[in-house]
Amino acid sequence: MALEGKVAVVTGAAQGLGKGFSEILLKNGAKVALLDVAEVAGKSLKESLDEQYGPDRTLFIPCDVQSQQQFKAAIQKTVETFGQLDIFCNNAGIINEVDWEKAVSVNLMGVVRGTYLALEHMNKLSGGQGGVIVNIASIAGLGPLLSVPVYTATKHGVVGFTRAMADASKESGYGIRFNLICPTFVQTDILNALQSPAILGQFSNLEDSTKKLMEQHGILDVSQVTEAFLQLVLDETKDGAALMVLSKGSQYSTFPSII
Ligand SMILES: NC(=O)C1=CN([C@@H]2O[C@H](COP(=O)(O)OP(=O)(O)OC[C@H]3O[C@@H](n4cnc5c(N)ncnc54)[C@H](O)[C@@H]3O)[C@@H](O)[C@H]2O)C=CC1
Ligand SMILES: CCCCCC(=O)/C=C/C=C\C/C=C\C/C=C\CCCC(=O)O
């Protein structure tokens, strides 16, 4: 199998896309540390994965990506248990336009934190073996999604950060590829935000226009996104790439070459 012997960390792994990314990594031979703040769902996923793959292929580690201490300890435990770290997926994300500072904290600061902590183990300049970091942005990281401006801003931040890290890694010789997944709407619980005034706040009136966008763009199955994710993990030629996952298929985003 392509990823036999490789070790991965996936954040927000207990359900939705993170669960899908973890499963496709396992199917392809990797060992996976499942990190999530949702302990009940995380433990229950680990139990069902144990039945399929055996208890030694996964770890569930309760971890809030907002906590430097928890995140650092979770990665340390992964490396102590599995011996190395090759693949890192910053997937955990939320929508909250009311508590928008939390959205920035989880979606953007969590990705920066995860990336820097992963570098401590993966960077060839500090004794690591290199590898690949895949950050989960969104189509809303490339264009505006009107009902969720702060969510949109965090995803644009993830796109910019990841592309800059890809260039920094190439220039400095970290031996790490950095890529992005930018999906359109996917059938997961995050879409429940649309019906929640407590989450959309002052933008609740825009629910109908977001629904219209959803009808235009369609809603993907998790499996359509996990295939794109696997492509970015496996294809050694992809570095600094942003793969849009749309109803019509996957397509690499182009960017203006300003610098
Ligand atoms: N479903 C969609 O339409 C799209 C989702 N995305 C992105 O995909 C990623 C995954 O989202 P979904 O699976 O759709 O949502 P989801 O809500 O089903 O799953 C998110 C997971 O992240 C975990 N999580 C939340 N806050 C956390 C924290 N502070 N620390 C650790 N874990 C935390 C949750 O417990 C949950 O297991 C997010 O970054 C989201 O922005 C991107 C484009 C479209
Ligand atoms: C409110 C639910 C949010 C669900 C999570 C999410 O990230 C979904 C995003 C889906 C689509 C965003 C829609 C439109 C963005 C507009 C333009 C993108 C243009 C991209 C391009 O072609 O370059």
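Let me begin by describing the structure that accompanies this report. (Residues numbered from 1 in each chain as written. Chains lettered and ligands numbered in written order. Predicted model: local features only at pLDDT ≥ 70, side-chain atom pairs only at ≥ 80, totals over all residues. Heavy atoms only, no water.)

### Looking at helix α5 (residues 149-172)
Since the α-helix turns once every 3.6 residues, residues separated by three or four places project in the same direction. Look at α5: 34 Å from first C-alpha to last across 24 residues, which is about the 34 Å you get at 1.5 Å a residue. Looking at α5, one finds that the buried residues are Val150, Tyr151, Thr152, Thr154, Lys155, Val158, Val159, Phe161, Thr162, Met165, Ala166 and Ser169. The elements touched by buried residues of α5 are α4 (100-122), β5 (131-136) and β6 (176-183). Once α5 ends, the next one or two residues include glycine 173, with phi positive near 85°. (Helix = DSSP H or I, 4+ residues; strand = E, 2+ residues; numbered from the N terminus. Expected span 1.5 Å × (residues − 1). Buried < 20%, exposed > 50% of the residue type's maximum accessible area, 1.4 Å probe, protein only. Contact = heavy atoms within 4.5 Å.)

### A short note on the site of ligand 1
Neighbouring residues of ligand 1: 29 residues in total, closest Asp36, Asn91, Tyr151, Val186 and Thr188. Here an oxygen atom of ligand 1 sits 2.5 Å away from a polar atom, N or O, in the side chain of threonine 188. Here ligand 1 loses 92% of its free accessible area of 830 Å² to cover by the protein chains. Breaking the shell around ligand 1 down by element, the ones donating at least two residues are α1 (16-27) and α5. (Near = heavy atom within 4 Å. Polar contact = N/O pair within 3.5 Å; in protein donor to acceptor, adjacent residues only side chain to side chain. Areas by Shrake-Rupley, 256 points an atom, 1.4 Å probe, with all protein chains shown as cover.)

### Notes on the packing of aromatic side chains
Throughout the structure, instances matching the rule amount to three aromatic pairs. Ring plane angle 35° and centroid distance 6.2 Å describe the contact between phenylalanine 71 and phenylalanine 88, whose orientation is recorded as tilted. You can see phenylalanine 71 sitting in helix α3 (residues 68-82) and its partner phenylalanine 88 sitting in strand β4 (residues 87-90), a full 17 residues away along the chain. Considered together, phenylalanine 71 and phenylalanine 88 belong to a single accessibility category, that of buried residues. Aromatic pair tyrosine 116 and phenylalanine 161: ring centres 5.8 Å apart, planes at 65°, arrangement edge-to-face. Placement of the pair is tyrosine 116 in helix α4 and phenylalanine 161 in helix α5, with a sequence separation of 45 residues. A relative accessible area of 45% places tyrosine 116 in the partly exposed class. Here the basic side chain of arginine 163 rests over the ring of phenylalanine 255, its NZ or CZ set 3.6 Å away from the ring centre. Lying over the aromatic face of tyrosine 252, lysine 238 brings its terminal NZ or CZ to 4.5 Å of the ring centre. (Phe/Tyr/Trp six-rings, centres within 6.5 Å; stacked < 30°, edge-to-face > 60°. Lys NZ or Arg CZ within 6 Å of the ring centre and 35° of its normal.)

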